[in-house]
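Remarks on the overall topology
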Amino acid sequence: MNADASPFSDGPPAPGFYAVRLSGPGAVLAPMAGYSDAPMRQLAAEQGALWTVSEMISARGLVLGGDTEKLNLGRPYAGEQGRVVQLFGAEPELLAAAVARAEAWFVPAAIDLNMGCPVPKIRGKGGACLLQTPEVAFTLIEAMRAATALDVSAKIRLGWDTDRSVEVAQGLAAAGASLITVHGRTSRQRYTGEADWDAIARVAASVDVPVVGSGDILDVETARQRQQASGVAAVMIGRGSVGNPWIFRALAGGNLEADPRPSAQARAWTALRHAQLQTQFYNDDTGRLTLRPLRKVLPKYLPDYPELHAELTQVVTVADVGRVLAPLLDSVPQGGAVQTGAMSSVSTEYAGSYS
């Protein structure tokens, strides 16, 4: 295979992805390291997320490292559409090359620049550090735009330690960003305190490109209130969607319920399906490695069943998940997998949520 040939699609989607997706209601799945991998993105997309964003990928690693088209951080699930690939880096040439490689290998709908990650290990390599030198970030967006016909966006925080979000957003828009996502905290705050949605509203009013707001969106009611009050084009949901992909369906379809989650049985079946998707995507029949990252996710599907949480954080295989969840399921198919023949025993509520 040609190093820059995609094994996943005949060609990229047309430009203007963000404008098309924002023409309807809904919310966006946030990029979350260790969470927003292909199985979680699939569940969110099935429930109507406007688009999903990959875990962040190092531009340097993509271009100069040992990464291949099999890189799980960027690799789509079969038939995946509406997935934005997020890159981080601080060098224009490397980011431009990484955009070209990501587009060829992973066929994204758009490319996003991470300017918000506050994790110390990427300091000096991009992420929130770019908020200290926004002029560098503007050159990065220009280089990325020159490397692709796809939409290029950026996800920022309010600033490094003080709010410079309007200044940064205006510079990014002038550099060619098609969309800007703003998380309402500074990098110094990390995840403490409350997100400042007044600051997000100021950004939305200051630029002529769509702004997506992020921060502390944990339920449908908050999502609607924040979007309406701030004037953003959409909200981005991270923690609030873990174990609750139905939040996207509620926001896409106008569901007025504050908590759109279905019955315990339907949630248990979805948790089991998540485990199956995890094992299938990472191609590990034993599940001994692939389900370990899911241990922190599975209890989120069933917050009202704390007696199951300890066992869910110890599962090794899909069969283990089925065994733990058996009290909530009508029946568990062989191996704990949600197979075609077993779907007849699943409630109409569960089956309908994936139509």
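Predicted, not measured: the structure shown is a model, and the values here were computed from it.

For the protein, the count of helices and strands is 14 helices and nine strands. For the protein, the proportion of contacts with a sequence separation of at least 24, taken over those separated by at least 6, is 70%. Total accessible area on the protein is roughly 14,700 Å²; 51% of this is exposed by carbon and sulfur atoms.

The next point concerns the environment of cysteine 129. Note on placement: cysteine 129 falls in the loop between strand 5 (110-115) and helix 5 (134-146). Here cysteine 129 falls in the buried class, since its relative accessible area comes to 13%. Distance from cysteine 129 to tryptophan 160, taken between C-alpha atoms, is 7.1 Å for residues 31 residues apart in sequence.

Looking at where glycine 82 falls in the secondary structure, it is placed in the loop between helix 3 (59-64) and strand 4 (83-88). Exposure remark for glycine 82: the relative accessible area of 8% places this residue in the buried category. Considering only alpha carbons, one finds glycine 82 and valine 107, 25 residues apart in sequence, at a separation of 9.9 Å. When neighbours within four sequence positions are excluded, glycine 82 is seen to be in contact with Phe17, Arg21, Trp51, Thr52 and Ala109.

The set of residues buried in helix 7 (residues 197-206) consists of Trp197, Ala199, Ile200, Ala201, Val203 and Ala204. Each element contacted by the buried residues of helix 7 is listed here: helix 6 (165-175), strand 7 (179-183), strand 8 (211-214), helix 8 (220-230) and strand 9 (234-237). By the N-cap criterion, in which a side-chain oxygen at the helix start approaches the backbone nitrogen of a residue two or three places on, helix 7 is capped by aspartate 196, the distance to aspartate 198 being 3.1 Å.

A few words on the packing of helix 5 against helix 6. Following both chains from N to C, one finds helix 5 and helix 6 inclined at 25°, their axes separated by 8 Å at the closest point. By the criterion of interaxial angle, the relationship of helix 5 to helix 6 is roughly parallel. When the axes of helix 5 and helix 6 are compared, the crossing they make is right-handed. Facing Pro134, Ala137, Phe138, Ile141, Glu142 and Arg145 of helix 5, the residues of helix 6 in contact are Glu167, Val168, Gly171, Leu172 and Ala175. For the contact of helix 5 with helix 6, the class distribution of residues is seven nonpolar, one polar and three charged.

Alternating residues of strand 9 divide into Ala234 and Met236 and Val235 and Ile237, and every residue in both groups is buried. Sheet topology places strand 1 (residues 27-29) next to strand 9; three bridges connect them, and they run parallel. The residue of strand 9 that forms the bridge with alanine 27 is valine 235. Pairing analysis gives three bridges linking strand 8 to strand 9, with the strands arranged parallel. Following the sheet pairing, glycine 213 is matched in strand 9 by valine 235. Remark: the strand 8/helix 8/strand 9 crossover connection has right-handed handedness.

Using the criterion set out here, one finds six aromatic pairs in the structure. Consider the rings of phenylalanine 17 and tryptophan 51, whose centres lie 6.0 Å apart with planes at 65°: the pair is edge-to-face. One end of the pair, phenylalanine 17, is in helix 1 (residues 17-21); the other, tryptophan 51, is in the loop between helix 2 (38-46) and strand 2 (52-53), with 34 residues separating them in the sequence. Here phenylalanine 281 and tyrosine 282 contribute two aromatic rings whose centre-to-centre distance is 5.0 Å and whose plane-to-plane angle is 90°, an arrangement assigned as edge-to-face. Pairwise contacts between aromatic rings join Phe17, Tyr18 and Trp51 into one cluster. The residue whose ring lies beneath lysine 296 is tyrosine 35, and the NZ or CZ to ring-centre distance is 4.7 Å.

Turning our eyes to something else, we now look at the nonpolar core. One finds Trp51, Met115, Leu172 and Leu325 to be the most contacted residues of the largest nonpolar core, which totals 103 residues. With seven residues, helix 10 (residues 264-282) is the largest single contributor of residues to this core. Ignoring anything within four residues of it in the chain, the contact list for leucine 325 reads Ala268, Ala271, Leu272, Leu302, Leu308 and Leu312.

A separate point is the pattern of salt bridges. Note that side chains of opposite charge can pair when their charged atoms are close. Per the counting criterion, the structure on display carries ten salt bridges. With a closest N to O distance of 2.7 Å, arginine 185 and aspartate 216 form a salt bridge. Placement of arginine 185 in the loop between strand 7 and helix 7 and of aspartate 216 in the loop between strand 8 and helix 8 is noted, with a sequence separation of 31 residues between them. Among the residues examined, arginine 185 registers a relative accessible area of 2% and is labelled buried. For aspartate 304, the salt bridge goes to arginine 267, with nearest N and O atoms at 3.0 Å. With a gap of 37 residues between them, aspartate 304 in the loop between helix 11 (298-301) and helix 12 (309-312) and arginine 267 in helix 10 connect regions that are remote in the sequence. Assessed through its relative accessible area of 7%, arginine 267 is described here as buried.

Cut-offs used in this document
- Residues numbered from 1 in each chain as written.
- Predicted model: local features only at pLDDT ≥ 70, side-chain atom pairs only at ≥ 80, totals over all residues.
- Heavy atoms only, no water.
- Helix = DSSP H or I, 4+ residues; strand = E, 2+ residues; numbered from the N terminus.
- Contact = heavy atoms within 4.5 Å.
- Areas by Shrake-Rupley, 256 points an atom, 1.4 Å probe, with all protein chains shown as cover.
- Buried < 20%, exposed > 50% of the residue type's maximum accessible area, 1.4 Å probe, protein only.
- Polar contact = N/O pair within 3.5 Å; in protein donor to acceptor, adjacent residues only side chain to side chain.
- Axes fitted to C-alpha atoms, helices over the stretch in contact; angles between N-to-C directions.
- Parallel < 35°, antiparallel > 145°, perpendicular 65-115°, else oblique.
- Left-handed = near helix turned anticlockwise from the far one by under 90°.
- Nonpolar A, V, L, I, M, F, W, Y, C, P; charged D, E, K, R; others polar.
- Pairing = 2+ DSSP bridges.
- Right-handed = clockwise from strand over helix to strand, strands pointing away.
- Phe/Tyr/Trp six-rings, centres within 6.5 Å; stacked < 30°, edge-to-face > 60°.
- Lys NZ or Arg CZ within 6 Å of the ring centre and 35° of its normal.
- Core = buried A, V, L, I, M, F, W, Y, C linked by side-chain atoms within 4.5 Å.
- Salt bridge = Lys/Arg side-chain N within 4 Å of Asp/Glu carboxyl O.

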